[in-house]
Each structure stands twice: as structure tokens, then as C-alpha cells.
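Examining the three-dimensional arrangement
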Amino acid sequence: MLTTLFFAVAGTGLVMYFLIPSGIPRGHYVVYMGLTKANWIWIHSRAGILIVFLIVVHLILHSQWIIRTTKSFGRKENKNTICERDTVTDKVR
């Protein structure tokens, strides 16, 4: 959903930036690819609001992972190491 909404916001933003004249009176009722400027703005705004909502939900659902990962960056040494540095030696003959 986030990816789809991202492409919707990016696509409508690019259309509005490059194809639709800026300013309220210019291009307000002119149709661009089947939609008026007001329709483009409506789609762009609603998709942006949905992205923000879904990102907040996504962060809430993954909050435990975020907390654990952030805490692991602060640790100096990992206690679950398989092999310690000084115990392994190689002898060459």
C-alpha cells in the first residue's frame, strides 16, 4: 500500500508540476488527462494523508523491533559470539 501510494503522490506531483499551470485562476477548470486541476490536487492530497497514516501504523507495528535494534547499537560486545578472538589459532607447518 505504501509503495502504491508513494507512486500516486509522486505521479500526481510530477503532473501538477510539469503539466498544469500554477496559480489559482490559471488552469483551474482545464482538463489534463481527463481530470481538472482540483481533481489532481484532491488525489495528491488524499494519497499523501494516507501515506502519513500508514507510516505511523507501520512504525507502531514495528516498534519492538525498532527498540531492540536501537538498543543493540549501544552494546560494546555481543554475548552470543560463537568463537572468541584469542582462542582460535592456526599453525602453519
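In case you missed it, the structure is sitting above this.
Criteria and thresholds
Residues numbered from 1 in each chain as written. Predicted model: local features only at pLDDT ≥ 70, side-chain atom pairs only at ≥ 80, totals over all residues. Heavy atoms only, no water. Helix = DSSP H or I, 4+ residues; strand = E, 2+ residues; numbered from the N terminus. Buried < 20%, exposed > 50% of the residue type's maximum accessible area, 1.4 Å probe, protein only. Contact = heavy atoms within 4.5 Å. Phe/Tyr/Trp six-rings, centres within 6.5 Å; stacked < 30°, edge-to-face > 60°. Axes fitted to C-alpha atoms, helices over the stretch in contact; angles between N-to-C directions. Parallel < 35°, antiparallel > 145°, perpendicular 65-115°, else oblique. Left-handed = near helix turned anticlockwise from the far one by under 90°. Nonpolar A, V, L, I, M, F, W, Y, C, P; charged D, E, K, R; others polar. Patch = residues over 30% accessible without salt bridge, like charges linked within 9 Å, V, L, I, M, F, W, Y side chains within 5 Å. Areas by Shrake-Rupley, 256 points an atom, 1.4 Å probe, with all protein chains shown as cover. Salt bridge = Lys/Arg side-chain N within 4 Å of Asp/Glu carboxyl O.

Our focus in this paragraph is the overall build of the chain. Broken down by element type, the chain carries three helices and two strands. Taken from N to C terminus, the helices and strands of the chain fall in the order α-β-β-α-α. For the chain, buried positions account for 12% of its 93 residues. Considering only contacts within the chain whose residues lie at least 6 apart along the sequence, 48% involve residues at least 24 apart.

Let us look at unusual backbone geometry. Backbone geometry follows two general trends: most residues other than glycine have a negative phi, and most peptide bonds adopt the trans configuration. Although it is not a glycine, Met-33 sits at a positive phi angle of roughly 50°. Its place among the elements puts Met-33 in the loop between strand 1 (31-32) and strand 2 (35-36). For Met-33, a relative accessible area of 61% gives the class exposed.

Okay, the packing of aromatic side chains next. All told, the structure shown has two aromatic pairs when counted by the stated rule. Their ring planes at 65° and their centres at 5.4 Å tell us that Phe-6 and Phe-7 sit as a pair that is edge-to-face. According to the relative accessible area criterion, Phe-7 is exposed, its value standing at 54%. Relative to Phe-18, the ring of Tyr-17 has its centre 4.9 Å away and its plane inclined at 85°; by these criteria the two rings are edge-to-face. By the burial criterion, Tyr-17 is exposed, and Phe-18 matches it.

Glancing now at the packing of helix 1 (residues 2-18) against helix 2 (residues 37-61). At a minimum axis separation of 9 Å, helix 1 and helix 2 run at an interaxial angle of 150°. In terms of orientation, helix 1 lies roughly antiparallel with respect to helix 2. Between helix 1 and helix 2 the crossing geometry is left-handed. Contacts between helix 1 and helix 2 involve Leu-2, Leu-5, Phe-6, Ala-8, Val-9, Thr-12, Gly-13, Val-15 and Met-16 from the first element and Trp-40, Ile-41, Ile-43, His-44, Ala-47, Gly-48, Leu-50, Ile-51, Leu-54 and Ile-55 from the second. For the contact of helix 1 with helix 2, the residue count by class is 15 nonpolar, four polar and no charged.

Another point: a nonpolar patch on the surface. Where nonpolar side chains cluster on the molecular surface, the patch consists of Leu-2, Ile-55, Leu-59, Trp-65 and Ile-66 and spans about 440 Å² of accessible area. Mapped onto the nonpolar patch, the elements with two or more residues apiece are helix 2 and helix 3 (63-74). Assignment of secondary structure puts Trp-65 in helix 3. Given a relative accessible area of 52%, Trp-65 falls into the exposed group.

Keep in mind that these numbers describe shape and distance, not what the molecule does.
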